[in-house]
Amino acid sequence: MAQFRYQALSASGESLYGQMEAASAEEVIGRLQEAGHIPVEARRSDEVASAVSWTTWFQRKTLGPEQVLQFTEQLSTLLGAGQPLDRALAILLDLPESNDAKKIIANVRDGVRGGSSLSAALEQQHGVFSRLYVSTVRAGEVGGSLHETLARLADYLERSRSLRARVVNALIYPAILVAIISLSLLFLLGYVVPQFQQMYEGLGAQLPLLTKVVLGVGNIVRGFWWLLPIALVALLMWLDRKRRDPAWRRALDAWMLRRKLLGSLVVRLETARLARTLGTLVRNGVPLLQALTIARNVLGNRVLAEAVDVATDEVKTGSGLSHALTRRDLFPRLALQMVQVGEESGELDGMLLKVADTFDRETAQAMDRFLTALVPALTVAMSLVVGVVILAIIIPLYDLTNSIG
């Protein structure tokens, strides 16, 4: 079985995007047709790429991560208060402000009223709810503790959201710093430097090599500044195309892991994500092999995801999870030892969640150390570049002053 991304049209002409697990693209097309939709495209996820291409950045999301989290928390609360599932979904239908969100919840409610289980109704929403989400809900239905399962699922979604937000927020300041200094440098080269060139030409001054180079770059920036946004767009499109190339993406992920600081940060981040996903699924009754298959898809680094694939195959043959993960020597030793303790004590789910908590903290500490080193390094590097430009302009002025004196 493999993951497929698909595009289809509903009976009303609405564009539908989502993911489906199937043996082939033909099976995906057949299932879409059985649901009354018109298939447009069905391709393996690894051909499309784990990261969404630039053309999908502008596609409207029917139910965003924040809304999924809110839906999960509210449904858990209502079920815990004794409300029947149908009644709880009817109450939730009146809460969202977005018409798209209301439509999704209405579809789920109609599916439940038609005799489907909640997990089946969620699975029919064209990829709005992830495989992890659907599998966890299905396990909660089988175990008879749906509201508790939804509460733990909401906690998982909240922690995952916080982890993503922490990473994004940590990179905002360095990005702004680079952008401001880069714009200042372009202004200096494109406007200020050419003014000095006119002055030096009028004085007939002999210019050193460094000054000639800087003046030449300034002329290029001033004369061809309009090429910069075109080059930037072309670079982004090239990177997006390369990012959708599995071989290139894997080579990049392997290169990142080999970097001392960056690799350590990536491993800690991915370990926390994998452990929390596995722990949440196993605690909610999902079999370990199925949980590994699902958890593998939450990893952004392909090298680590391949290590989980290898471990899954070994677990199928009876190997322990900790032993299977140790074979590739990619995950932190502390995490593997904690997993081994969990297996030996029969508390694998609890120990996996402790691993996640431990490496969440380590990720935060590593991120702080990384930023502590990154921001000054960027500041010094960019300041040196600006300083060289200013020095190249000032040197001829000192030479002229000395010659006059």
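All figures in this text were calculated on a predicted structure; none of them were measured in a lab.

Undergrad: Any details on the overall build of the protein chain? Residues and values, ideally.
TA: Each helix and strand in the protein chain was counted, giving 17 helices and three strands. Across the 405 residues that make up the protein chain, the buried fraction comes to 40%. For the protein chain, the computed accessible surface area is about 22000 Å², with 60% contributed by carbon and sulfur atoms.

Undergrad: Tell me what's going on with the nonpolar core, and back it up with residues and numbers.
TA: By size, the foremost hydrophobic cluster in this structure holds 69 residues, and its most contacted members are Phe71, Leu75, Leu122, Phe129 and Tyr133. Those residues in contact with phenylalanine 71, other than ones at most four positions away along the chain, are Leu89, Leu92, Ile105, Leu122, Phe129 and Tyr133. Counting eleven residues, the second-largest nonpolar core is a separate cluster that includes Tyr200, Leu215, Ala392 and Ile393.

Undergrad: Before we move on, can you summarise the packing of helix H11 (residues 246-258) against helix H12 (residues 260-283) with the specific residues and values?
TA: Relative to each other, H11 and H12 sit at 110°, their axes nearing to 5 Å. Between H11 and H12, the interaxial angle falls into the category roughly perpendicular. On H12, the residues that touch Met256, Leu257 and Arg258 of H11 are Lys260, Leu262, Gly263, Val266 and Val267. Looking at side-chain class alone, the contact of H11 with H12 contains five nonpolar, one polar and two charged residues.

Undergrad: Run through empty space enclosed by the protein, naming residues and quoting values.
TA: A full pass over the atoms with the stated rule returns one cavity of 30 Å³ or more. The volume enclosed by the largest cavity comes to roughly 100 Å³. Counting residues per element, the ones that place at least two in the lining of the largest cavity are H12, helix H15 (321-326), helix H16 (333-345) and helix H17 (348-404). At four residues, the largest contribution of residues to the lining of the largest cavity is made by H12. Tallied by class, residues from the lining of the largest cavity come to eleven nonpolar, one polar and no charged.

Undergrad: Account for the packing of aromatic side chains, naming residues and giving values.
TA: Per the counting criterion, the structure on display carries four aromatic pairs. Here the aromatic rings of phenylalanine 129 and tyrosine 133 are separated by 5.0 Å at their centres, their planes lie at 45°, and the arrangement is tilted. Among the residues examined, phenylalanine 129 registers a relative accessible area of 6% and is labelled buried. On the accessibility criterion, tyrosine 133 (2% relative accessible area) is buried. With 5.5 Å between their ring centres and 20° between their planes, phenylalanine 187 and tyrosine 191 make a pair best called stacked.

Undergrad: Tell me about the packing of helix H13 (residues 288-296) against helix H14 (residues 302-316), residues and numbers included.
TA: Between H13 and H14, the least distance of the axes is 10 Å, while the angle of their chain directions is 170°. With respect to H14, the axis of H13 lies roughly antiparallel. Between H13, through Leu288, Leu289, Leu292, Thr293 and Arg296, and H14, the contact on the second element is made entirely by Ala305, Val308, Asp309, Thr312, Val315 and Lys316. The class makeup of the residues in the contact of H13 with H14 is six nonpolar, two polar and three charged.

Undergrad: I'd like a rundown of the confidence of the model for the protein chain, residues and numbers included.
TA: The share of residues in the protein chain with pLDDT of 70 or more is 88%, and the mean pLDDT across the chain is 80. Counting interchain partners and residues more than four positions distant, the pLDDT-below-50 stretch residues 48-61 has 23 contacts.

Undergrad: Tell me what's going on with the environment of proline 246, and back it up with residues and numbers.
TA: Locating proline 246 in the fold gives a position in helix H11. According to the relative accessible area criterion, proline 246 is partly exposed, its value standing at 34%. In this structure the C-alpha to C-alpha distance between proline 246 and arginine 302, which are 56 residues apart in sequence, comes to 8.7 Å.

Undergrad: An account of the side chain of arginine 276 is requested, with residue identities and associated values reported.
TA: Looking at the secondary structure, you find arginine 276 in helix H12. Beyond its immediate chain neighbours, meaning those up to four positions away, arginine 276 contacts Tyr156, Arg159, Leu353, Ala356, Asp357 and Asp360.

Undergrad: Outline helix H4 (residues 85-93), supporting the account with residue identities and numerical values.
TA: Within the sequence span of H4, burial applies to Ala88, Leu89, Ala90, Leu92 and Leu93. Considering only its buried residues, H4 is in contact with helix H3 (65-80) and helix H5 (99-113).

Undergrad: Outline the side chain of threonine 358, supporting the account with residue identities and numerical values.
TA: With respect to the element layout, threonine 358 can be found in helix H17. The class of threonine 358 is buried, set by a relative accessible area of 15%. Those residues in contact with threonine 358 that sit more than four places away from it in its chain are Leu334 and Met338.

Undergrad: Tell me about the pattern of salt bridges, residues and numbers included.
TA: For side chains of opposite charge, pairing can occur when their charged atoms come near one another. For the structure shown, the criterion picks out 13 salt bridges. Salt-bridge contacts for arginine 138 lead to glutamate 123; the nearest nitrogen and oxygen are separated by 3.1 Å. Pair noted here: arginine 138 is in helix H7 (residues 131-143) and glutamate 123 is in helix H6 (residues 118-123), with a separation of 15 residues, a long-range link. Glutamate 123 sits in the partly exposed class, given a relative accessible area of 43%. Between arginine 273 and glutamate 270 there is a salt bridge; the shortest N-O distance is 3.1 Å.

Calculation rules
- Residues numbered from 1 in each chain as written.
- Predicted model: local features only at pLDDT ≥ 70, side-chain atom pairs only at ≥ 80, totals over all residues.
- Heavy atoms only, no water.
- Helix = DSSP H or I, 4+ residues; strand = E, 2+ residues; numbered from the N terminus.
- Buried < 20%, exposed > 50% of the residue type's maximum accessible area, 1.4 Å probe, protein only.
- Areas by Shrake-Rupley, 256 points an atom, 1.4 Å probe, with all protein chains shown as cover.
- Core = buried A, V, L, I, M, F, W, Y, C linked by side-chain atoms within 4.5 Å.
- Contact = heavy atoms within 4.5 Å.
- Axes fitted to C-alpha atoms, helices over the stretch in contact; angles between N-to-C directions.
- Parallel < 35°, antiparallel > 145°, perpendicular 65-115°, else oblique.
- Nonpolar A, V, L, I, M, F, W, Y, C, P; charged D, E, K, R; others polar.
- 1 Å grid on protein atoms, 1.4 Å probe; cavity = no way out; pocket = protein on both sides within 12 Å on 5 of 7 lines; lining within 4 Å.
- Points joined across faces, edges and corners; volume = space filled by probe spheres on them.
- Phe/Tyr/Trp six-rings, centres within 6.5 Å; stacked < 30°, edge-to-face > 60°.
- pLDDT = per-residue confidence, 0-100.
- Salt bridge = Lys/Arg side-chain N within 4 Å of Asp/Glu carboxyl O.

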